[in-house]
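Structural description and commentary
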There are 2 protein chains.
Amino acid sequence: MPTYRAPVADVVFLLNDVLGWERHANLPGFADASPDVIEAILGEIAKLAEEVLQPLNLTGDAEGCTRRPDGSVTTPKGFRAAHDAFGRGGWIGLAADPAYGGQGLPYTLAAIVNEFSASANMAFTMYPGLTQSAVAAILEHAPEAIKQLYVPRMLAGEWSGTMNLTEPHCGTDLGLLKTRATPSREGAYAITGQKIFISAGEHDLTSNIVHLVLARIDGAPAGTRGISLFVVPKFLPGPDGGAGARNAVSCGSIEHKMGIHANSTCVMNYDGATGWLIGEENRGLNAMFVMMNEARLGVALQGLAISEVAYQNAAAYARERLQGRSLSGAKAPAKAADPIIVHPDVRRMLLEIRAFNEPARALAIFTALQADIARRSPDEAQRRTAEDFLGLLTPVLKGVFTDYGFENAVKAQQVFGGHGYVREWGMEQFVRDARIAMIYEGANGIQALDLVGRKLPRDGGRAVMTFFNEVGAFAKEHEADAAMAPFVGPLANGLGDLQKATMWFMQNAMAKPDNAGAGSYDYMRLFGLVALGWMWARIAKAAMAKRQAEPSQAGVMDAKLVAGRFFMERMMPETALRLTRVTSGAETMMALPEDAF
Amino acid sequence: MPTYRAPVADVVFLLNDVLGWERHANLPGFADASPDVIEAILGEIAKLAEEVLQPLNLTGDAEGCTRRPDGSVTTPKGFRAAHDAFGRGGWIGLAADPAYGGQGLPYTLAAIVNEFSASANMAFTMYPGLTQSAVAAILEHAPEAIKQLYVPRMLAGEWSGTMNLTEPHCGTDLGLLKTRATPSREGAYAITGQKIFISAGEHDLTSNIVHLVLARIDGAPAGTRGISLFVVPKFLPGPDGGAGARNAVSCGSIEHKMGIHANSTCVMNYDGATGWLIGEENRGLNAMFVMMNEARLGVALQGLAISEVAYQNAAAYARERLQGRSLSGAKAPAKAADPIIVHPDVRRMLLEIRAFNEPARALAIFTALQADIARRSPDEAQRRTAEDFLGLLTPVLKGVFTDYGFENAVKAQQVFGGHGYVREWGMEQFVRDARIAMIYEGANGIQALDLVGRKLPRDGGRAVMTFFNEVGAFAKEHEADAAMAPFVGPLANGLGDLQKATMWFMQNAMAKPDNAGAGSYDYMRLFGLVALGWMWARIAKAAMAKRQAEPSQAGVMDAKLVAGRFFMERMMPETALRLTRVTSGAETMMALPEDAF
């Protein structure tokens, strides 16, 4: 059975030594999050993740969710108690407004909690994650009465939330959606239609489920400009605010999926269910987009989370499994064979994973911090830059982290040989669970289009220029530092490739948009490499300083420097290949007639 | 539910137009395999694959195999009848010696049958595939009486075969194996021990199961030089040669796996079971190695097979699924949305798959043909060259085709968005099934070590030099041909990278074997790209000729030329990245202490 240890020390190092957490102490809520407090909070969520959530991961996958004939859905054994503990611990509302029962702590902390929790049990973590997204939409757009009615119960884990977008004939293209909303009594609407792929649509973890539903008000314009957002509870709130009469929404079936078996994925039928408008009429997509950055960051963190737990288990197996001898002579001659970690190719697989995990965690925290700054900073220029970074990096993190998360789960599984293919070791579950993160919350190809088609050109390219300037300045600042040369040289090369690819789009994609589409995915991966490389360079600088200042940390810091060099030597050069693909353009791929595919 | 059409026309084109099948008409057995006969045979297996095997794939996965309390194992509904049809059709013994009930046709044809069958139903195809491997070992090494007793029944599909190598503590490192063989009456042995991961170890498809078992004869030397090979039938042959008394071998449990659910993977317990020696005492590994090339080619074909069927379904979905609009303006303005095949990124995913499938099929057939030549040619020099190619290319095909097979199944699944994650569409099964091919029959890291550590240096590098000369000569021959320039230029570049990587090993891996281990996997992938590129160049040449000679084929041939250019523009340049990784050496990855992982 797999195990998990939350990387608390690594997070503390990243916050304090790499990302300069203390520089943000002036932000509202950050004063309460001193390094000591953070370490205590992380220790608590680590304990919950390791001791409560992780032991339910393999069993939850095997048991899965079951829909009963009455339409109710049973989650795996232990999930309800774990969800209660998660809610009671205040984890759902960690970063939410204290006026509605939240703790008001930085969103950055909530992101870290999300990583730990998803490493321990991704399918479980989706339940509170969806509640958090629904709360964000309600707090941003709903009338005060709705906020007060729903949010405190949701943050306490008594009620949960869902997002209802997809319909059988439309996923990415929401303009096609058909669910109708007909005005009924006292400002309410009757919602009718079918939604599919609704995560946590029905379950037995909470006493009520709060569905946020995209629908078209009678007479609304066709397309994306006629979509509104509604709150549709499973049980209508009664006079005391608690769950009252059953609403006309039900789970028609649950999907049989490749993974995340412990999370119920439902077909939801709305048969004139009562709902209330959230935000403006016909502006439902905008209301949804507000929370999209955080939801996408949450999915990106799932990629990192699986990559981390898969690494931990593969490294442990590689240290213990005896098989064969080192190519350079026996390393454990007293034993029947050497541990397989002596083999370079096993180390290659492990280091490819780890060389992603560490800068990815840094980049996730950096990006989450931008969300905090964008929302909380009193300084407008600082807010604007943070918003630029957040908008630019969110599709990169979603697309790139979930790709690596899956690829790394596959590599970690490979370390186990045949045992990796068998359920009891848990490695194949990581692969199956990680796979969905590349698809939901906008498939990775859509993230790439968002990056290239929307985020790059926005405001005359201001965000991407800021990014280039930041990374370039870091490389420039350290170019004369011999110790930093193994990091800064490759980073500058990668940045150069990214700039060339960006320039190529400017010159070739305006007149021919297919050139943008044809290169978008490779551009996103190229961008990810440069952003990860930037984080590696910053980690390396901090690690060199720390091993001087704290000799007891030398071993840990040296390991980081090795993993960072591995990234720069073997992974960063991929930028050249990605650039070649971007600049090869769309011509060949558009030359094939549709019916010749 | 997924569908499948066997690519008969493509195979015929490859055999006749690209690989010059008629040049081998002088080989024994080839005279019976004229183009007309081949097309008829392929039509028959296509029908069986499409109409019998493919409809059992999704249901077989859902039902899986069940072990009863008495140790018997039930396969999914329909499998027994399909297996009977497969045996009755003569498909198991297609290439086997007619003296024992085979049809004596070229092995190349059997390889093509294997591809079609595995596309339709990989889990099913493993049953006859294992029988074929066991038959090959028996025919090569067993005494005449055993051949006559077992082989005809196995080829008819009445009895089946298995390979018993792995034990709980040893997979790759067979020198550690503990199963004992104690001489008993009349030249027989009593076999005692436990084997794991035994595919088709127990099932209800045949009236007897013939286990080939590696074990250590009492008093044999330790390590790999004390291992012998035994035939151990489930039922001891009775006086009439039919299945008689039950032998002391039984299935202790079956594994719960990520995929290939319809194939039973068993823990087999040998409790003094009666077995007979096959081949020489203590030379069991050598006896196994004889059939390893064919077994590994069979697994390589599984990679191609899944990639092909996944492509077919993804392309069909992309042509039908309406979602969003083309970046360059609506393509189907009368419909609610355009089919997603208008999007360059969808085409990218499809073309990345297809640009592998076509040259991979050519390379598989080329390599299988080398096996035929090596075994059947009267000319010693021709046999030697064919053996060189076969030995060199087998690990490349096994490692590279199964990697692409899995990666391509993932890409095809991505085309389906959320629907790809749901079982009923069948795409996620392709991913789960394809995954095992990277692991069994020697994990892909082991293939890379076989390539770099054994196949490259063998006979002073004769095989790899022959490969370089062949590819280089083709590039040289066509360098002045403007139409071939898009193919030959990139091929020459890729070959240059491969030669540099090979040279780097010669200069850096003799003294430091870890440098070979550290670069072996990337070298294997680099080798695969060049071999696939070589096939693309040959396909392109043949396609250009054919579109001139047969105008009705212009559309099909033009599609090949587009897919080939796509490969050269976007996939071949990966050789530079692989070379960079190879030449980065082992130093960084070996610098991390074991306990720092």
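Only a predicted model underlies this, so the values are computations on that prediction, with no experimental measurement involved.

A few words now on the overall build of chain A. Along its length, chain A carries 19 helices and 11 strands. Against the compact-globule benchmark of 25 Å for 597 residues, chain A has a radius of gyration of 24 Å, which places it among compact chains. Dimensions along the principal axes, computed over C-alpha positions, put chain A at roughly 75 × 60 × 60 Å. Taking all 597 residues of chain A together, the buried fraction comes to 65%. For chain A, contacts bridging at least 24 residues in sequence account for 74% of all contacts bridging at least 6. Total accessible area on chain A stands at roughly 20,200 Å², and carbon and sulfur atoms take up 53% of it.

Looking now at helix α15 (residues 513-549) of chain B. Residues and elements named next belong to chain B. The end-to-end C-alpha distance of α15, which contains 37 residues, comes to 52 Å, matching closely the 54 Å that a straight helix rising 1.5 Å per residue would cover. In the structure, α15 departs most strongly from a straight axis at serine 520, where the bend amounts to approximately 50°. Burial within α15 is extensive, with 31 of its 37 residues counted as buried.

Our focus in this paragraph is the packing of helix α4 (residues 79-88) of chain B against helix α6 (residues 122-141) of chain B. Residues and elements named next belong to chain B. Two elements in contact, α4 and α6, have axes separated by 11 Å at closest approach and are oriented at 45°. Taken together, the axes of α4 and α6 are oblique relative to one another. Viewed along their axes, α4 and α6 form a crossing whose handedness is right-handed. Counted together, Phe79, Ala82, His83 and Phe86 of α4 and Phe124, Tyr127 and Pro128 of α6 form the full contact between these two elements.

A few words now on the nonpolar core. Judged by nonpolar contacts, the single largest core of 434 residues is most densely connected at Phe467 and Tyr523 of chain A together with Phe467 and Tyr523 of chain B. Setting aside its immediate chain neighbours within four residues, tyrosine 523 of chain A contacts Leu451, Val452, Leu456, Val464, Leu498, Ala501, Thr502, Phe505 and Val582 of chain A.

Residue and element names in this part refer to chain A. A contiguous nonpolar surface patch, about 360 Å² in accessible area, is contributed by Met503, Met506 and Met510. Relative to the helices and strands, methionine 503 is located in helix α15 (residues 485-508). What makes methionine 503 partly exposed here is its relative accessible area of 43%.

Now for the interface of chain A and chain B. If you look at the interface, chain A gives 91 residues, while chain B gives 91 residues. Summed over both partners, the interface of chain A with chain B buries about 7,900 Å², with 60% contributed by carbon and sulfur atoms. Of all residues in chain A, the largest losses of buried area upon contact with chain B belong to Tyr421, Arg570 and Phe597 of chain A, amounting jointly to 12% of the total for that side. The tally of links between chain A and chain B comes to four salt bridges. Arginine 570 of chain A is paired through a salt bridge with aspartate 522 of chain B; the nearest N and O atoms lie 2.9 Å apart. Put simply, chain A and chain B have 50 residue pairs in polar contact (both at pLDDT 80 or more) between them. Partitioned by chemical class, the residues of the side of chain A that touches chain B number 45 nonpolar, 22 polar and 24 charged.

All names here are of chain B. With respect to burial, strand β6 (residues 208-217) is a largely interior element, 10 of its 10 residues being buried. Across six bridges, the pairing between strand β3 (residues 159-164) and β6 is parallel. Paired with serine 160 across the bridge in β6 is isoleucine 209. Looking at chain direction, strand β4 (residues 180-183) and β6 are connected through two bridges and run parallel. When the bridges of β6 are listed, arginine 180 appears paired with arginine 216. Where β6 and strand β7 (residues 228-233) come together, six bridges link them in antiparallel fashion. Bridging from a neighbouring strand, valine 213 pairs with phenylalanine 230 of β7.

Mapping chain A onto chain B calls for a rotation angle of 180° and an axial translation of 0.0 Å; the resulting RMSD is 0.0 Å. The superposition of one copy onto the other is thereby described by a two-fold rotation axis. By C-alpha distance to the rotation axis, the residue of chain A lying nearest is leucine 577 of chain A, at 3.4 Å. Mapped onto chain B, 100% of the interface residues of chain A are again interface residues, and the two copies thus contact each other with one and the same surface.

Let us look at the side chain of glutamate 428 of chain A. When you line up the elements, glutamate 428 of chain A lands in helix α12 (residues 427-437). For glutamate 428 of chain A, a relative accessible area of 1% gives the class buried. At 2.7 Å, the side chain of glutamate 428 of chain A and the side chain of arginine 432 of chain A are in polar contact. The residues contacting glutamate 428 of chain A, other than those within four sequence positions of it, are Gln413, Gly420, Tyr421, Val422 and Arg423 of chain A together with Met258 of chain B.

On to the packing of aromatic side chains. As enumerated under the stated definition, the model contains 40 aromatic pairs over all chains in all. Between tryptophan 21 of chain A and phenylalanine 30 of chain A the ring centres are 4.7 Å apart and the planes differ by 25°, which places this aromatic pair in the stacked class. The interplanar angle of 20° and the centroid separation of 4.1 Å between the aromatic rings of tyrosine 317 of chain B and phenylalanine 416 of chain B together place this pair among those described as stacked. Here the residue tyrosine 317 of chain B occupies a position in helix α8 (residues 284-320), and phenylalanine 416 of chain B occupies one in the loop between α10 (380-415) and α11 (427-437), the gap between them amounting to 99 residues. For the residue pair tyrosine 317 of chain B and phenylalanine 416 of chain B, the accessibility class agrees, reading buried in each case. Ring pairs connect the aromatic residues Phe366, Phe389, Phe467, Phe468, Trp504, Phe505, Tyr523, Phe527 and Trp534 of chain A, which therefore count as one cluster. Over the ring of phenylalanine 406 of chain B we find arginine 435 of chain B; its NZ or CZ atom is 5.6 Å from the centre of that ring.

A few words now on the pattern of salt bridges. Applying the stated criterion across every chain, the model contains 66 salt bridges over all chains. Across the pair arginine 325 of chain A and aspartate 338 of chain A runs a salt bridge, and its minimum N-O distance is 2.8 Å. Of this pair, arginine 325 of chain A sits in the loop between α9 (292-320) and α10 (344-376) while aspartate 338 of chain A is found in the loop between α9 and α10, placing the two residues 13 residues apart along the sequence. A salt bridge links aspartate 10 of chain B to lysine 560 of chain B; the nearest nitrogen and oxygen atoms lie 2.5 Å apart. Here aspartate 10 of chain B, found in helix α1 (residues 8-18), pairs with lysine 560 of chain B, found in helix α16 (residues 554-571); they are 550 residues apart in sequence, far enough to count as distant. The two residues aspartate 10 of chain B and lysine 560 of chain B agree in class, both being buried.

This brings us to the side chain of threonine 108 of chain A. Residues and elements named next belong to chain A. Within the fold, threonine 108 resides in helix α5 (residues 107-120). Judged by relative accessible area, threonine 108 falls into the buried class, the value being 1%. A distance of 2.6 Å separates a polar atom in the side chain of threonine 108 from a polar atom in the side chain of aspartate 372. Discounting chain neighbours no more than four positions away, the residues touching threonine 108 are Leu15, Trp21, Ile365, Ala368, Leu369 and Asp372.

A few words now on the environment of threonine 66 of chain A. All names here are of chain A. The residue threonine 66 is located in strand β1 (residues 66-67) in this model. Sequence separation of threonine 66 and histidine 203 is 137 residues, and the distance between their C-alpha atoms is 9.0 Å. When near neighbours in sequence (up to four residues on either side) are disregarded, threonine 66 contacts Ser72, Val73, Thr74 and Ile254.

Looking now at helix α17 (residues 554-571) of chain A. Over its 18 residues, α17 of chain A runs 25 Å from end to end, which matches the ideal 26 Å to within 8%, given 1.5 Å per residue. The buried fraction of α17 of chain A is high, at 13 of 18 residues.

For chain A, mean pLDDT is 96; residues scoring 70 or higher make up 100% of the total. Quick note on the complex model: pTM equals 0.97, ipTM equals 0.97.

For residues that are not glycine, phi is negative in most cases, and the peptide bond is trans in most cases. Residues and elements named next belong to chain A. With a phi close to 60°, glutamate 441 is a non-glycine residue in the positive phi region. Structurally, the position occupied by glutamate 441 is in the loop between α12 and α13 (444-455). For glutamate 441, a relative accessible area of 30% corresponds to the partly exposed category. Of note in the backbone geometry, aspartate 459 takes a positive phi value of approximately 50° without being a glycine. Mapping aspartate 459 onto the fold places it in helix α14 (residues 458-477).

Moving on, we get to the environment of methionine 535 of chain B. Residues and elements named next belong to chain B. Within the secondary structure, methionine 535 sits in helix α15. When the C-alpha atoms of methionine 535 and tryptophan 159 are compared, they prove to be 38 Å apart, with 376 residues separating the residues in sequence. When sequence neighbours within four positions are dropped, the list of residues in contact with methionine 535 reads Leu19, Pro359, Ala362, Leu363 and Phe366.

All names here are of chain B. Secondary-structure assignment places methionine 163 in strand β3. Considering only alpha carbons, one finds methionine 163 and valine 213, 50 residues apart in sequence, at a separation of 6.4 Å. Excluding residues that lie within four positions of it along the chain, methionine 163 makes contacts with Leu130, Ser133, Ala134, Ile198, Leu212, Met288 and Met291.

Calculation notes
- Residues numbered from 1 in each chain as written.
- Chains lettered and ligands numbered in written order.
- Predicted model: local features only at pLDDT ≥ 70, side-chain atom pairs only at ≥ 80, totals over all residues.
- Heavy atoms only, no water.
- Helix = DSSP H or I, 4+ residues; strand = E, 2+ residues; numbered from the N terminus.
- Rg over C-alpha atoms; globule rule 2.2 N^0.38 Å.
- Buried < 20%, exposed > 50% of the residue type's maximum accessible area, 1.4 Å probe, protein only.
- Contact = heavy atoms within 4.5 Å.
- Areas by Shrake-Rupley, 256 points an atom, 1.4 Å probe, with all protein chains shown as cover.
- Expected span 1.5 Å × (residues − 1).
- Bend = angle between axes of the 7 residues up to and from the residue.
- Axes fitted to C-alpha atoms, helices over the stretch in contact; angles between N-to-C directions.
- Parallel < 35°, antiparallel > 145°, perpendicular 65-115°, else oblique.
- Left-handed = near helix turned anticlockwise from the far one by under 90°.
- Core = buried A, V, L, I, M, F, W, Y, C linked by side-chain atoms within 4.5 Å.
- Patch = residues over 30% accessible without salt bridge, like charges linked within 9 Å, V, L, I, M, F, W, Y side chains within 5 Å.
- Salt bridge = Lys/Arg side-chain N within 4 Å of Asp/Glu carboxyl O.
- Buried area = accessible area lost by both parts, 1.4 Å probe.
- Polar contact = N/O pair within 3.5 Å; in protein donor to acceptor, adjacent residues only side chain to side chain.
- Nonpolar A, V, L, I, M, F, W, Y, C, P; charged D, E, K, R; others polar.
- Pairing = 2+ DSSP bridges.
- Least-squares fit on C-alpha atoms with pLDDT ≥ 70 in both.
- Phe/Tyr/Trp six-rings, centres within 6.5 Å; stacked < 30°, edge-to-face > 60°.
- Lys NZ or Arg CZ within 6 Å of the ring centre and 35° of its normal.
- pLDDT = per-residue confidence, 0-100.

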